[in-house]
Amino acid sequence: MPSEISVDDETATQLLQQMLRIKAFEDETKARYEDGEIPGFVHLDYGHEGNHVGIGAAMEDDDWLAVGEPDSSANTSQKECH
């Protein structure tokens, strides 16, 4: 495994946009939950946006992602990348 990985500016911008989209989704989910629009329990995943986007970007079309807890941002990032 290489010790250093780099991406071009366009890819970096796309990855950042995906992380910001996930953050906006999490913020909206939190607000709707606090307003009572979403019943039950909501698991937010603040601070993990980069992990999710990076994993999604590294996945090939035939790869699988197994999430051990309800994690909407991981599922969102994987779909965004493919």
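First, a word on scope: everything that follows refers to the structure included in this document. Just so you know, these numbers come straight off a predicted model, no measurement behind them. (Residues numbered from 1 in each chain as written. Predicted model: local features only at pLDDT ≥ 70, side-chain atom pairs only at ≥ 80, totals over all residues. Heavy atoms only, no water.)

**Topic: the pattern of salt bridges**
- Using the criterion set out here, one finds four salt bridges in the structure.
- With a shortest N-O distance of 2.7 Å, R32 and E28 are connected by a salt bridge. Remark: E28 and R32 occur in helix α1 (residues 9-34); sequence separation between them is four residues, near one turn of the helix.
- By relative accessible area, R32 is classed as partly exposed at 39%.
- Among the residues examined, E28 registers a relative accessible area of 41% and is labelled partly exposed.
- When the shortest N-O distance is used, the salt bridge between E34 and K30 registers 3.4 Å. With E34 and K30 both in helix α1 and four residues apart, the pair spans about one turn of that helix. (Salt bridge = Lys/Arg side-chain N within 4 Å of Asp/Glu carboxyl O. Helix = DSSP H or I, 4+ residues; strand = E, 2+ residues; numbered from the N terminus. Buried < 20%, exposed > 50% of the residue type's maximum accessible area, 1.4 Å probe, protein only.)

**So, helix α2 (residues 49-58)**
- When we look at burial in α2, the residues that qualify are E49, H52, V53 and G56. End-on, the buried residues of α2 take up no more than an arc of 95 degrees, which puts them together on one face. (Arc of directions from axis to C-beta.)

**So, a nonpolar patch on the surface**
- Together, I55, L65 and V67 make up an exposed nonpolar region whose accessible area comes to about 210 Å².
- Turning to its location among the elements, L65 is positioned in the loop between α2 and α3 (72-81). (Patch = residues over 30% accessible without salt bridge, like charges linked within 9 Å, V, L, I, M, F, W, Y side chains within 5 Å. Areas by Shrake-Rupley, 256 points an atom, 1.4 Å probe, with all protein chains shown as cover.)

Geometry only, nothing functional implied.
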